[in-house]
Amino acid sequence: MNARELRRKYIEFFKSKDHREYPSSSLVPINVLGNEDESLLFTSAGMVQFKPYFLAVAQPPHPRLTDAQKCLRTTDIESVGDSSHLTFFEMMGNFSFGNYFKPEAIEWAWEFLTEWLKLDPSRLRVTVYKEDDEAYNLWLTKIGLHAERISRFDEDKNYWPGKAVTMGPNGPCGPCSEIFWDTSPDLPFDNEWNGDGNRWLEIWNLVFMQFERIGDLIIDNALTRDGHWENVELLPLPNKNVDTGMGLERTSAALLGMPSVYETDVFQPILKRIGELSKRNYETADEPIKVVFRIIADHIRSATFCIADGVRPENTGRGYVLRRLIRRAILKGQRQLGFKKPFFADVFPAVVEVLSDQYPELIERRDFIIRTLQDEEDLFRSRLAEGIKRAEGLALTGRDAFMLYDTYGFPLEVTMELAQERGLTIDLEEFNRSLEEQRQRSKVAGGIAEDVFSKDAGVLQELTKTIPATQFAGYSGCEAEAQVVGLIVEGKIAQSAKKGDRVEVILDQTPFYAESGGPVGDTGKITSPTGSIEVLDTQKVNERWAHIGKVLEGEISVGEQVHAVVETARRMDIERNHTATHLLHAALRTVLGAHVHQAGSLVAPNSLRFDFTHNKAMTEDEIRGVEELVNHEILSDRVVQAHADMPIAEARERGAMALFGEKYGDKVRMVEVEQFSRELCGGLHVGHTSQIGQFRITTESSVASGVRRIEAVTGIGAYQYGVERDRLLREAAATLRTSPNEIAAGIERLQNQLKQTEKRLEGLRTEQASTGAEVKVFEVDGIKIVAQKAENTDAKSASIIADRLAEQNPDSAVIIAAIDEGKAMFVAKVPALLLQKGVHAGNLVREVAKIAGGGGGGRPDFAQAGAKDLSKIDEALLAVPGIIEGQLKSK
């Protein structure tokens, strides 16, 4: 039974136990309510998306679910390459939300392993939490395991995801029972086993969710958001739940009797592909080379799925982890497998071969994944040699490591590996201080304001446990009658608010749209018989809408009936821009290709911003083509229609676009622009495209590697943009003393005049420098050296002077010391005759520049070097004969 069959059989087994199959969520941790889990960098377990169900703040579609969840963990990255550790893996799961508990979970796990998979029971052993007598007795009496095969361990091994001592994340937790496979049954049974060692392979974890873990994460590593937890509490959950996970790759290895997960069918084609590209054989390679094969195979899977889920290589957060994995694999391939040319993207087709049937996004986003991998390897290779060369001259302090990270894109871990090879240790505290100093400088330079709501989000999270979910009434209008069900006043839960208070008001229903999926939150007013509130923003947490604002008059209290009114004109502007983003998305895919996917957006009343996957700047023709296509659809007065509660399978069959990182349930809302665009979207839109008025692209720029950004305006904003452009054209025409229609010709005339002037000035400057300075001639062993110091001469003029002197003295070495605006540069030229005798221009200028406090180098026949100490220029020129004499002797 291979991994494909195992995956299918697991789902079939739990369906037979009345479980409903549920799709895998994204590697970006987004739960079933569509909210991002801020406590996690990646989806690291099957239960992540189901946290709201475990916490009982949302109703599951069925009390029992089962799935195959893609997961990513980097805590064991240094162990990747051994027999079992992976960064990307598939976790098979079965879940109970207040339904069954320990007896059923334990019985079904054993039944599946021993009866459906036919694994030998004598090669299985289990562990339980040391205080969990119930689980221990179930294994002992219900399953019939011998006591010697049941081990009790503390929370570090049998409490998931950890109590007070160990790492989080926050959320549902509880004691667990793990099942292990004996990889060496020929060895004597180890009664004193402590849970460690390579013999026993963990294949299944049964977690009995009974508590909610709450604590404060103190960030220790700003790059990866790793840290430690303080002030941890365990609160009882409303229900007792089950969260189980079976490692697909590990169980597959056990079934096949393989020594490692890399011998399974989900890895063999990838290893084979690496072998074809490197011209090496994995099967016959020695163990260190096999480890490199495995690392590349693991990292290409992780990188592929990260990119497919919208993560881009960046210098912080998820993007940093992705960049680290890609560059680590490339470095291993270069140094251990001898890859001299880009190779990483060429491994990708093997990942598609083994996993695309389960994860069709690999095919849907194929072009973008390949381009991202190629661009990242090209970027890294262009910087790698220079960075390593620079690292060779460094002591590799924490600040040096930050410089390599910031300047050359070296992930910290790559620098740490280089340091380890030299017997050095990086000062991580110094690295983090340097990183934080740069972050603070960036904040000041960018004028980043503190997000007040983010401080209160934790308070709102707490409040959501005691109040009902908000019903959104905004699809049918901009007004609604409602009741106040919760209040946060000045950051604290309260029962009432008075004039002047800053508040977050939660209503039982609302016409206000909360910021989500691009569009910003609505503004407006909430009034009651006793007071009124100006709503400045609307946000949501766990399906509770927070109307953020200020009490204008009187007093507002919990339980009070209110009238909620959205600022209509602003809402309509947002709707225009939102529908325009759908048109823009479809137009980009038409003009640029199907590899284009949305990678982020901001829909405000005055403009829209749309990020999309594309690996090069758009041409002017492409920009105009997209703009014309969008305006054509606007003028065509297309009907815009929302289809609510549509089965997701039907929406996909009809060609609806799903967005990177978004989580969709069984039922979705599809927004359709007649005959042009279909997207899954919960936002508000115009009824006809003609209501947009006009669409103008204002800028097209780069956001990150492989991601471009378009900013645009619609409606009155587009009209004002055109008016401002006309004004600028008229002013420019007046300055050029021509008409707006003749501006291009006027600019061309000015450019030609400027070129002629610059040419004359350059000629005068060069002539002055070459005729007004003394030329010194030296001779060493019959070799003639011509040297000249040229004042008020830039680098370009210095090269021209060197060319002239070389023409006048064809068998001589020429060196020029050019001085301009307090800076100096040495330029050297060496003819072919002297090259044969050992004279080297690059080495010459490097040694000369050192005397004047500078450095540089270049080709043997032509080179340049900078100098800092102008007082040493003459001394440096006088040293030229001695330097050349040394070159001749070394030859």
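What counts, and at which threshold
- Residues numbered from 1 in each chain as written.
- Predicted model: local features only at pLDDT ≥ 70, side-chain atom pairs only at ≥ 80, totals over all residues.
- Heavy atoms only, no water.
- Helix = DSSP H or I, 4+ residues; strand = E, 2+ residues; numbered from the N terminus.
- Buried < 20%, exposed > 50% of the residue type's maximum accessible area, 1.4 Å probe, protein only.
- Contact = heavy atoms within 4.5 Å.
- Areas by Shrake-Rupley, 256 points an atom, 1.4 Å probe, with all protein chains shown as cover.
- Lys, Arg positive; Asp, Glu negative; His and termini not counted.
- Charge placed at Lys NZ, Arg CZ, Asp CG, Glu CD.
- pLDDT = per-residue confidence, 0-100.
- Salt bridge = Lys/Arg side-chain N within 4 Å of Asp/Glu carboxyl O.
- Axes fitted to C-alpha atoms, helices over the stretch in contact; angles between N-to-C directions.
- Parallel < 35°, antiparallel > 145°, perpendicular 65-115°, else oblique.
- Left-handed = near helix turned anticlockwise from the far one by under 90°.
- Nonpolar A, V, L, I, M, F, W, Y, C, P; charged D, E, K, R; others polar.
- Polar contact = N/O pair within 3.5 Å; in protein donor to acceptor, adjacent residues only side chain to side chain.
- Pairing = 2+ DSSP bridges.
- Expected span 1.5 Å × (residues − 1).
- Phe/Tyr/Trp six-rings, centres within 6.5 Å; stacked < 30°, edge-to-face > 60°.
- Lys NZ or Arg CZ within 6 Å of the ring centre and 35° of its normal.
- 1 Å grid on protein atoms, 1.4 Å probe; cavity = no way out; pocket = protein on both sides within 12 Å on 5 of 7 lines; lining within 4 Å.
- Points joined across faces, edges and corners; volume = space filled by probe spheres on them.

### Some points on the overall build of the protein chain
Looking only at helices and strands, the protein chain has 26 helices and 32 strands in total. Projected onto its principal axes, the C-alpha coordinates of the protein chain cover approximately 100 × 80 × 50 Å. In the protein chain, buried positions account for 53% of the 891 residues. Long-range pairs, those at least 24 residues apart, make up 67% of the contacts in the protein chain between residues at least 6 apart in sequence. Carbon together with sulfur atoms contributes 48% to the accessible area of the protein chain, which is approximately 39200 Å² in total. Separation of charge centres in the protein chain, based on 107 positive and 134 negative side chains, amounts to 4 Å.

### Here we look at the confidence of the model for the protein chain
Keep in mind that low pLDDT regions are not for reading the predicted coordinates in detail. Across the protein chain, the average pLDDT comes to 88, with 93% of residues at 70 or higher. Confidence, expressed as mean pLDDT per element, reaches its minimum in the protein chain at helix α16 (residues 452-463) with 62 and its maximum at helix α3 (residues 102-116) with 98. Across residues 443-455, confidence stays below pLDDT 50; counting only partners more than four residues off in sequence or on other chains, it has nine contacts.

### Things to note about the pattern of salt bridges
Enumeration over the complete set of coordinates arrives at 49 salt bridges. Here R294 ties to E287 by a salt bridge, and the two come within 3.0 Å at their closest N and O atoms. When its relative accessible area of 8% is taken as the criterion, R294 is described as buried. Connected through salt bridges with shared partners, the residues R125, D182, D190 and R199 form a single ionic network.

### Observations concerning the packing of helix α9 (residues 317-337) against helix α12 (residues 366-392)
Across the interface, α9 lies against α12 with an axial gap of 10 Å and an inter-helix angle of 60 degrees. When the axis of α9 is compared with that of α12, the two are oblique. In this structure, the crossing between α9 and α12 has a hand that is right-handed. When α9 is examined against α12, the residues R323, I326, R327, I330, L331 and Q334 are found in contact with a partner set consisting of L373, E376, E377, L379, F380, R381 and L384. A per-class count over the contact of α9 with α12 returns seven nonpolar, one polar and five charged.

### Regarding the side chain of R294
Here R294 is to be found in helix α8 (residues 287-308). Separated by 2.9 Å, the side chains of R294 and Y282 make a polar contact. Setting aside residues no more than four positions away along its own chain, R294 makes contact with G81, D82, Y262, L271, Y282 and E287.

### Considering the environment of D400
Mapped onto the elements, D400 comes out in helix α13 (residues 398-408). The exposure class assigned to D400 is buried, which follows from its relative accessible area of 16%. D400 sits 64 residues away from Q336 along the chain, and the two C-alpha atoms are 25 Å apart. If sequence neighbours within four positions are ignored, D400 has contacts with L394 and A395.

### Topic: the sheet that holds strand β24 (residues 677-680)
As summarised here, the arrangement of the three strands in space is β22-β23-β24, forming an open sheet in which the pairing is antiparallel. Looking at strand neighbours, the two that pair on one side only are β22 (640-647) and β24, the edges of this open sheet. Strand-to-strand twist in this sheet, taken as the mean axis angle between neighbours without regard to direction, amounts to 25 degrees. With six bridges connecting them, β22 and strand β23 (residues 667-673) associate as antiparallel partners. Pairing of Q641 across the sheet is with E672, part of β23. Relative to the sheet, helix α17 (residues 568-592) contacts β22, β23 and β24, its axis offset from that of β24 by approximately 115 degrees.

### Re helix α18 (residues 620-635)
For α18, built from 16 residues, the straight-helix expectation of 22 Å at 1.5 Å per residue is met to within 8% by its first-to-last C-alpha distance of 22 Å. Among the residues of α18, those classed as buried are I623, V626, E627, L629, V630, N631, E633 and I634. For α18, the secondary structure elements touched by its buried residues are α17 and β25 (695-704). Count one or two residues on from α18 and you reach D637, which has phi positive near 55 degrees.

### Quick notes on the packing of aromatic side chains
Given two aromatic rings, one states the distance between the centres and the angle between the planes to describe the pair. Within the structure shown, the criterion is met by 36 aromatic pairs. A ring pair is formed by Y22 and F50, whose centres lie 5.3 Å apart and whose planes are at 70 degrees; its orientation type is edge-to-face. With a gap of 28 residues between them, Y22 in the loop between β1 (20-21) and α2 (51-54) and F50 in the loop between β1 and α2 connect regions that are remote in the sequence. By relative accessible area, Y22 is classed as buried at 6%. For F50, a relative accessible area of 0% corresponds to the buried category. Here F305 and Y359 contribute two aromatic rings whose centre-to-centre distance is 5.2 Å and whose plane-to-plane angle is 85 degrees, an arrangement assigned as edge-to-face. Here Y359 lies in the loop between α10 (344-355) and α11 (361-364) and F305 lies in helix α8, a separation of 54 residues in the sequence. Accessibility classification places F305 together with Y359 in one group, the buried group. Aromatic ring contacts, followed pair by pair, group Y10, F13, F14, F112, W116 and W204 into a single cluster. The residue whose ring lies beneath R152 is Y136, and the NZ or CZ to ring-centre distance is 4.3 Å.

### With respect to the packing of helix α7 (residues 268-278) against α8
Where α7 contacts α8, the axes come no closer than 9 Å and their chain directions differ by 115 degrees. Between α7 and α8 lies a crossing whose hand is right-handed. Every residue of α8 that contacts α7 at I270, L271, I274, G275 and S278 is listed here: F293, R294, I296, A297, I300 and R301. Split into classes, the residues belonging to the contact of α7 with α8 amount to seven nonpolar, two polar and two charged.

### Some remarks on the environment of I77
Looking at the secondary structure, you find I77 in the loop between β2 (64-72) and β3 (88-96). Classification of I77 by relative accessible area gives buried; the value is 3%. In this structure, the C-alpha to C-alpha distance between I77 and D216, residues 139 residues apart in sequence, is 25 Å. Here I77 is in contact with T87, H299, R324, L325 and R328, once residues within four sequence places are set aside.

### So, empty space enclosed by the protein
In this structure the tally under the stated criterion is two cavities of 30 Å³ or more. For the largest cavity, the full set of lining residues is Y513, P519, V520, D522, R571, I574, E575, H578 and L684. Looking at the lining of the largest cavity residue by residue, the classes come out as five nonpolar, one polar and three charged. Contributing to the lining of the second largest cavity are L55, V57, E212, Q461, K465 and N542.

### A short note on helix α22 (residues 795-808)
With 14 residues, α22 should reach 20 Å at 1.5 Å per residue; the first-to-last C-alpha distance of 20 Å fits that figure. For α22, the complete set of buried residues consists of S797, A798, S799, I801, A802 and L805.

### Regarding the sheet that holds strand β21 (residues 608-613)
Taken together, the four strands give an open sheet; going across it, the order is β20-β21-β26-β25, and neighbouring strands pair in antiparallel fashion. Whereas interior strands pair on both sides, the edge strands pair on one side only; in this sheet they are β20 (598-603) and β25. The sheet shows a mean angle of 15 degrees between the axes of neighbouring strands, taken without regard to direction. As paired elements, β25 and strand β26 (residues 707-714) share eight bridges and run antiparallel to each other. Paired with S701 across the bridge in β26 is R709.

### Looking at unusual backbone geometry
Positioned with a positive phi, D637 is a non-glycine residue whose angle comes to about 55 degrees. Residue placement: D637 occurs in the loop between α18 and β22.

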